[in-house]
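Read off the chains here:
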Amino acid sequence: MAPLSPRRSFTCIGILACALVLPPQTCMDKHQVVGVLRQMEKFLKGQEMRFTEGLRIMKSKLATLQNSVSKMPQAAPTSCPPLGAPAFGTKFGSKHFVGHEVHFTCSQGYHLAGSATRVCQDNGTWSGVSTVCKVMSQCASNPCQNGGTCVAGLNQYRCTCPQRWSGSHCQHPTQTAPPEWSVVNDPAFSRRPRCAQVNQEQHCSCDAGFHMSGTTDSSICQDVNECEVYRLDRGGKLCLHECVNVPGSYRCSCPSGYKLLPDGRSCEDVDECLSQQHNCSRGTTCINTGGGFQCVSPECPRSHGNTSYVKTSPFQCERNPCPMDSRSCHLSPKTMSFHYLSLPSNLKTPATLFRMATAAAPGHAGPDSLRFGILGGNSRGFFIMQRSDRQTGELILVQPLRGPQEVSVDVDMSEYSERIFQAKHVARVHVFVSPYNF
């Protein structure tokens, strides 16, 4: 409310002072006082009306502003909250933007519970559920043989063996008397000792690779099975593949399709394709594998609707031009390539197997965004596809593959320009896993 003017304030004070301290004849009469009071009442009513109108206008403006703010479009989230790696596990993928993926694997001895892959969704949340790595029972692989009972401990196990069996896995009969590394009952692996009289005493010895057996009066030199000695001492592998015991020594052998290297212990794959030791017919291509080869002739996808393909090289197909009004044709892969890899069994993971990238033609602007993914062939979760830089995606093996087996996985790369889909490229990666870990 606005304050009274000075003139009206003094009038009001004067009336009050006159009524309190001055003689009645010097003050205004009753009619004059009533007139002044009425003027003051009108003034106050006018001030009250202006104040009320001001409040109404202010409330109206505040309501309009609040309504405008509530109707403003809310900015869509562009990223999701960071996700950490689970305890005893690993996270692949460092981007948290919408459309990006992160993948999880567990360390050896643990199995994954929850979502192995999570995607940052348009609403700023991750798909799937939280991932944890749970300890795997050491007895899950049934390591105890011959009826032994497995007792699990902390990161280890122990086998309780039945009668007549012993060893860490109950693998040895307890009644075996000769040492496991001694070759007996084979004349080819026995020798007479070399004896000599020294100071009227007879001393006998054996050649290298043999040991003395029997009594002092009837001793004999038995062959030492070096392959078995090395295995029992847990000193590692004497040979990369197979150790063959021979009288007084040993030799290493390699599986078919491999050759023994000059060190006498290591094996190397024979490239039948390079050395022309294959029988692939005309129209097929020789692919070297661990210990062998494969003759391949990949075929383009079958035509469907307005979509058809032509083979432009032995390992690539390209889509024929699409009709302008065929959306399904434009969404189909523009190219499809075929790739063949040969891996040893139980390759250490994680291992990058394949890279997929894009390159713009001279004078043409390339896509400003790429998305990578796995289309099929990964039902058992052996692989993940992740971006390594702005223009490259990597296919990574995250679980060991035990051979022999063949695995095929399809990966794709989609190109976008200003968030509008441009084209898709598909690569089929076929993996030949050797029976051997070398």
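Residues numbered from 1 in each chain as written. Predicted model: local features only at pLDDT ≥ 70, side-chain atom pairs only at ≥ 80, totals over all residues. Heavy atoms only, no water.

Novice: Sorry, what's going on with the overall build of the protein here?
Specialist: When you go through the protein residue by residue, the secondary structure sums to four helices and 29 strands. Buried positions account for 29% of the 438 residues belonging to the protein. Counted over contacts in the protein with a minimum sequence separation of 6, partners at least 24 positions apart contribute 43%. Roughly 28,600 Å² of accessible area belongs to the protein as shown, and the carbon and sulfur atoms make up 53% of that amount. (Helix = DSSP H or I, 4+ residues; strand = E, 2+ residues; numbered from the N terminus. Buried < 20%, exposed > 50% of the residue type's maximum accessible area, 1.4 Å probe, protein only. Contact = heavy atoms within 4.5 Å. Areas by Shrake-Rupley, 256 points an atom, 1.4 Å probe, with all protein chains shown as cover.)

Novice: Please clarify how the side chain of Thr392 should be interpreted in this entry.
Specialist: With respect to the element layout, Thr392 can be found in strand 27 (residues 392-397). By relative accessible area, Thr392 is classed as buried at 13%. Apart from residues lying up to four places away in sequence, Thr392 is in contact with Arg355, Met356, Ala357, Phe372 and Arg387.

Novice: What am I meant to see in the state of the cysteines here?
Specialist: Enumeration over the complete set of coordinates arrives at twelve disulfides. Across a sulfur-sulfur distance of 1.8 Å, Cys239 and Cys252 are joined as a disulfide pair. For the disulfide bridge between Cys239 and Cys252, the dihedral angle about the S-S bond is near -70°, and by the sign convention the bridge is left-handed. One end of the pair, Cys239, is in the loop between helix 3 (226-232) and strand 15 (242-246); the other, Cys252, is in strand 16 (residues 249-253), and 13 residues separate them in sequence. By relative accessible area, which is 7% here, Cys252 ends up buried. Shown here is the disulfide that connects Cys322 with Cys329, its sulfur atoms set 1.9 Å apart. The S-S bond linking Cys322 to Cys329 shows a torsion near -75°; that makes this disulfide left-handed. The same class applies to Cys322 as to Cys329, namely buried. (Disulfide = S-S within 2.5 Å.)

Novice: Sorry, what's going on with the pattern of salt bridges here?
Specialist: Where charged atoms of side chains with opposite charge meet at close range, the side chains can pair. Counting across every chain of the model gives six salt bridges. For the salt bridge of Arg194 with Asp207, the shortest nitrogen-to-oxygen distance reads 3.2 Å. With Arg194 in strand 11 (residues 194-198) and Asp207 in the loop between strand 12 (201-205) and strand 13 (210-214), the pair connects residues that are 13 residues apart, well separated along the chain. Arg194 gets classed as exposed once you look at its relative accessible area, which sits at 53%. On the accessibility criterion, Asp207 (36% relative accessible area) is partly exposed. As a salt-bridge pair, Glu268 and Lys259 come within 3.5 Å of each other at their nearest N and O atoms. (Salt bridge = Lys/Arg side-chain N within 4 Å of Asp/Glu carboxyl O.)

Novice: Honestly, the sheet that holds strand 10 (residues 190-191) in this entry has me stumped. Any pointers?
Specialist: Within a beta sheet, neighbouring strands are joined by backbone hydrogen bonds and run either parallel or antiparallel to one another. Strand order in the open sheet made by the three strands is 10-14-13, with antiparallel pairing throughout. Across the chains shown, the open sheet's two edge strands, defined by having one partner strand only, are strand 10 and strand 13. Bridge analysis of strand 10 against strand 14 (residues 219-223) gives two bridges, and the strand direction is antiparallel. When the sheet's bridge partners are listed, Ser190 is paired in strand 14 with Gln222. (Pairing = 2+ DSSP bridges.)

Novice: What is the right way to look at the packing of aromatic side chains in this model?
Specialist: Two measures describe an aromatic ring pair: the distance that separates the ring centres and the angle between the ring planes. In total, this model carries eight aromatic pairs according to the counting rule given. Plain terms: the ring middles of Phe382 and Phe383 are 6.5 Å apart, the flat faces sit at 75° to each other, and that makes the pair edge-to-face. For Phe382, a relative accessible area of 11% corresponds to the buried category. Relative accessible area serves as the criterion here: at 2%, Phe383 is assigned to the buried category. Ring plane angle 20° and centroid distance 5.5 Å describe the contact between Tyr436 and Phe438, whose orientation is recorded as stacked. Ring pairing ties together the aromatic residues Tyr258, Tyr436 and Phe438, which thus form one cluster. (Phe/Tyr/Trp six-rings, centres within 6.5 Å; stacked < 30°, edge-to-face > 60°.)

Novice: Please explain the nonpolar core as it appears in this structure.
Specialist: What tends to happen in soluble globular proteins is that the nonpolar side chains get buried as a cluster. Of all hydrophobic cores here, the largest spans 21 residues; its most connected members are Phe354, Met356, Phe383, Leu395 and Leu401. Looking at this core, the elements with two or more residues in it are strand 24 (351-357), strand 25 (369-376), strand 26 (383-389), strand 27, strand 28 (405-417) and strand 29 (420-433). In this structure, Cys80, Leu83, Val102 and Phe104 belong to the second largest nonpolar core, which totals six residues. (Core = buried A, V, L, I, M, F, W, Y, C linked by side-chain atoms within 4.5 Å.)

Novice: Can you walk me through the pairing of strand 16 in this structure?
Specialist: Working note: regular strand, side chains alternate between the two faces of the sheet. Where strand 15 lies against strand 16, five bridges are found, and the strand directions are antiparallel. Residue pairing in the sheet places Val246 in a bridge with Ser249 of strand 16. Between the antiparallel neighbours strand 15 and strand 16 lie two residues, among them Gly248 with a positive phi of about 80°.

Novice: Quick question: what am I supposed to make of the confidence of the model for the protein here?
Specialist: Do not read the predicted coordinates in detail wherever pLDDT is low. On average, residues of the protein score 83 in pLDDT, and 86% of them are at 70 or above. By mean pLDDT, the top-scoring element of the protein is strand 19 (residues 285-289) (97), and the lowest-scoring one is helix 1 (residues 6-21) (49). Across residues 1-10, where pLDDT falls below 50, the model places eight contacts with residues more than four positions away in sequence or in other chains. (pLDDT = per-residue confidence, 0-100.)

Novice: Help me out: how do you make sense of the sheet that holds strand 26 in this one?
Specialist: Sheet architecture is open: three strands sit in the order 24-27-26, paired in antiparallel fashion. Looking at strand neighbours, the two that pair on one side only are strand 24 and strand 26, the edges of this open sheet. Across the sheet, the axes of successive neighbouring strands diverge by a mean angle of 30°, strand direction being ignored. As defined by bridge partners, strand 24 adjoins strand 27 across six bridges and the pair is classed as antiparallel. Bridge pairing links Ala351 to Leu397 in strand 27. (Axes fitted to C-alpha atoms, helices over the stretch in contact; angles between N-to-C directions.)

Novice: Which parts of the structure should I look at to understand the environment of Ser79?
Specialist: Mapped onto the secondary structure, Ser79 falls in the loop between helix 2 (30-71) and strand 1 (89-92). Note: C-alpha distance between Ser79 and Trp126 (47 residues apart in sequence) is 9.7 Å. Discounting chain neighbours no more than four positions away, the residues touching Ser79 are His96, Phe97, Val98, Cys120 and Gly124.

Novice: Is there a simple way to think about the environment of Leu343 in this case?
Specialist: Its location among the elements puts Leu343 in strand 23 (residues 335-343). What makes Leu343 buried here is its relative accessible area of 12%. Taking the C-alpha atoms as reference, Leu343 lies 6.2 Å from Phe432; in sequence the two are 89 residues apart.

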